[in-house]
Amino acid sequence: MKEKEMEKKSYERPVIKPLNSGLMNKFGTRTEYTPVTHIDGVSVKSLIEEYGSPLFVFSERKIRENIRDAKRIFETRYPKVQFAWSYKTNYLNAICRTFHQEGSWAEVVSIFEYHKAVSNGVPPEKILFNGPDKTDEDLRISVKNDSLIHIDHLDELYRLIEIAGEMHKKPRVAIRVNMDTGVYPIWDRFGFNYENGQAWDAINKIMAGDKLNLIGLHCHIGTYMLTPSAYGIAASKMADLALGIKRRYKKNISYIDIGGGFASKNTLKGSYQLGTDAVPDISEYAEQIAGSLLNAGFDTDELPYLYLETGRALIDDAGFLLGTVISNKRLSDGRRSTIMDFGVNILFTAFWYDHKVSPAQEFSRFTEDTVLYGPLCMNIDVIRENVTLPPLNAGDHVVVHFVGAYNITQSMQFIALRPNVVMIDLKGESHIIRKAETMDDVERNERIPAHLENFKL
Amino acid sequence: MVKIKKNIAVSDTGFLFNPMTGDSFSVNPIGQEIIRAFQEEKGEEEILEEILEAYRVDRSTAEKDLLDFKKMLAHYKLID
Ligand SMILES: Cc1ncc(COP(=O)(O)O)c(C=O)c1O
């Protein structure tokens with residue numbers, strides 16, 4: 001019987017697809033449905049067998065490659081470079097520690113992330129504390145620890161001056177600056193504006209009081225920025241402020257922090273080019289930033305450090321989501337729809353990206369346009385509105401690419417428990433870096449008032 | 001009994017042309033086999049048995065897919 005089974009041909013669903021040239025796949029490429037059967041040499045099938053489906057998989061090799069490449073690209077263009085891992089992008093401790101092993105400091109935007117960085121072993125004086133919501137208590141902790149406090153608004157500035165006075169300590173601070181870089185809308189809700197003089201107001205306030213040690217300038221001009229020249233403009237304006245401070249107060253600014261925002265290889269919804277083709281290389285951003293800083297007019301021995309808080313561009317392509325087909329359905333207009341076992345609850349970025357999806361097994365060259373749905377019983381639960389894939393059967397696996405940034409940190413426990421997250425190390429061994437949620441994890445903090453304990457149905 | 005419209009031909013490369021409408025389609029190998037079987041006026045149960053004999057697939061999957069394929073042939077107006 002077994003032998004007879006082997007003699008049979010492998011099965012593929014019957015497919016018929018209209019050939020109208022007008023409706024060709026707008027990308028004209030086949031890369032999307034080239035099967036991806038292995039990640040870093042480990043088979044998708046075996047990963048799902050061992051850890052279940054859906055499953056997040058991170059490649060340690062890719063993370064290290066990304067940060068090393070980025071460092072090399074910047075360090076060959078500018079002499080003083082320091083990366084700080086942007087915790088919000090992905091704060092699984094194993095991920096953070098990989099970056100810290102590669103020399104990255106920590107960039108945090110809440111006291112929760114701050115404590116995470118500390119407990120990961122980041123020396124507090126190598127933590128950059130951003131964000132508009134630092135309480136007095138948060139500020140006291142960072143002052144005591146000598147962390148780098150990036151002041152976001154005037155209320156924070158005044159409170160920090162007071163706290164520094166009470167604590168008899170002079171905190172090391174930077175101000176966050178926002179500006180017009182030619183890319184709109186301007187992210188002007190964070191920090192002090194450059195063009196209208198707010199930035200100078202803050203600088204003057206700090207310098208007049210002598211309670212804070214202004215050592216840095218910070219900006220973060222946006223995220224998924226496709227225009228490298230915007231970074232050239234940002235770096236020039238920051239350098240201009242630093243040189244102005246030098247002129248006016250004889251004080252050297254020791255670092256300029258350019259924030260994050262480099263685009264990852266994902267494809268933004270509505271874009272007619274695949275992300276892998278449209279997105280600038282990190283070297284193009286580096287060229288702009290280094291060029292502006294080197295030509296700004298600093299004395300060579302007074303060049304400020306360049307800090308970078310790059311997030312998605314360093315982690316997106318190191319993360320994969322493996323999933324399984326639950327069912328196929330024909331929509332009333334004849335389109336095929338495929339229901340997957342993962343939805344926007346764990347793939348939040350499906351709202352703004354057309355994620356690349358590959359089948360995880362070999363197929364013939366026949367493909368079909370398909371809508372990919374999640375399992376959530378909600379209209380918003382769409383993974384891809386239209387994707388060209390070979391005919392997938394229930395039980396088949398897929399690999400979703402470029403999911404390393406923001407999905408782990410923004411995922412929701414909604415309708416289903418969140419799945420395992422594993423990392424494949426440099427030797428091809430897989431490790432759980434976050435266990436799948438259990439009922440107990442979810443209900444641990446719930447309380448039931450006595451009068452609701454019992455009922456009869 | 002499913003009846004494929006007259007004059008419809010499927011090439012070995014899976015190219016299907018409907019001369020009545022000018023529509024063309026691509027059909028994968030198993031789809032071609034099914035269309036040919038319909039043209040030979042085989043019944044659905046018989047076709048299903050042939051698929052199960054030739055391919056590594058369970059009955060319920062093959063049955064569901066055959067049903068869906070038939071719907072698509074109707075959707076593209078390829079059957080009477
Ligand atoms: C202050 C700050 N730094 C860095 C980042 C990381 O940005 P990205 O992932 O776009 O590189 C962010 C993200 O919004 C941010 O707000």
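Trainee: I'm lost on the overall build of chain B in this one. Help?
Mentor: A tally of helices and strands in chain B yields 3 helices and 4 strands. Going from N to C terminus, chain B has its helices and strands arranged as β-β-β-α-α-β-α. A compact globule built from 80 residues should have a C-alpha radius of gyration of about 12 Å, and chain B, at 12 Å, falls within 12% of that. With the C-alpha coordinates of chain B rotated into their principal frame, the extents come out at 35 × 25 × 20 Å. The buried share among the 80 residues of chain B stands at 46%. Restricting to contacts in chain B with at least 6 residues of sequence separation, those with at least 24 account for 45%. For chain B, the accessible surface area stands at approximately 4,300 Å², while carbon and sulfur atoms represent 52% of it. Positive and negative side-chain charges of chain B, numbering 11 and 16 respectively, have mean locations separated by a distance of 5 Å.

Trainee: Is there a simple way to explain the sheet that holds strand 2 (residues 15-18) of chain B in this structure?
Mentor: Paired through backbone hydrogen bonds, the strands of a sheet run either parallel or antiparallel to each other. Spatial strand order, 2(A)-3(B)-2(B)-1(B): 4 strands in an open sheet with antiparallel pairing. At either end of the open sheet lies a strand with only one pairing partner, and these are strand 2 (16-18) of chain A together with strand 1 (9-10) of chain B. Pairing of strand 2 of chain B with strand 3 (residues 23-27) of chain B involves 4 bridges; the strand directions are antiparallel. In the strand pairing of strand 3 of chain B, Leu16(B) is matched with Phe25(B). Lying on the sheet, helix 1 (residues 29-39) of chain B is in contact with strand 1, strand 2 and strand 3 of chain B; it crosses strand 3 of chain B at an angle near 115°.

Trainee: How do you make sense of the site of the ligand when you look at a structure like this?
Mentor: All names here are of chain A. Close to the ligand lie 16 residues; Thr223, Gly261, Glu309, Gly311 and Tyr406 are nearest. Protein chains shield 93% of the accessible area of the ligand, which is 400 Å² for the free molecule. Given that more than half its atoms are within 2 Å of the pocket grid, the ligand belongs to the second largest pocket. Looking at the shell around the ligand residue by residue, the classes come out as 1 nonpolar, 10 polar and 5 charged.

Trainee: What is the right way to read empty space enclosed by the protein from this model?
Mentor: It is a probe the size of a water molecule, rolled over the atoms, that shows where empty space is left. Residue and element names in this part refer to chain A. Here the structure, examined in full by the defined rule, presents 4 cavities of 30 Å³ or more. Considered as a void within the structure, the largest cavity measures approximately 60 Å³ in volume. Contributing to the lining of the largest cavity are Val177, Asn178, Met179, Thr181, Val183, Ile186, Trp187, His220 and Ile221.

What counts as what
- Residues numbered from 1 in each chain as written.
- Chains lettered and ligands numbered in written order.
- Predicted model: local features only at pLDDT ≥ 70, side-chain atom pairs only at ≥ 80, totals over all residues.
- Heavy atoms only, no water.
- Helix = DSSP H or I, 4+ residues; strand = E, 2+ residues; numbered from the N terminus.
- Rg over C-alpha atoms; globule rule 2.2 N^0.38 Å.
- Buried < 20%, exposed > 50% of the residue type's maximum accessible area, 1.4 Å probe, protein only.
- Contact = heavy atoms within 4.5 Å.
- Areas by Shrake-Rupley, 256 points an atom, 1.4 Å probe, with all protein chains shown as cover.
- Lys, Arg positive; Asp, Glu negative; His and termini not counted.
- Charge placed at Lys NZ, Arg CZ, Asp CG, Glu CD.
- Pairing = 2+ DSSP bridges.
- Axes fitted to C-alpha atoms, helices over the stretch in contact; angles between N-to-C directions.
- Near = heavy atom within 4 Å.
- 1 Å grid on protein atoms, 1.4 Å probe; cavity = no way out; pocket = protein on both sides within 12 Å on 5 of 7 lines; lining within 4 Å.
- Sits in = over half its atoms within 2 Å of the grid points.
- Nonpolar A, V, L, I, M, F, W, Y, C, P; charged D, E, K, R; others polar.
- Points joined across faces, edges and corners; volume = space filled by probe spheres on them.

Honestly, that's just the spatial picture; any functional story needs more than this.
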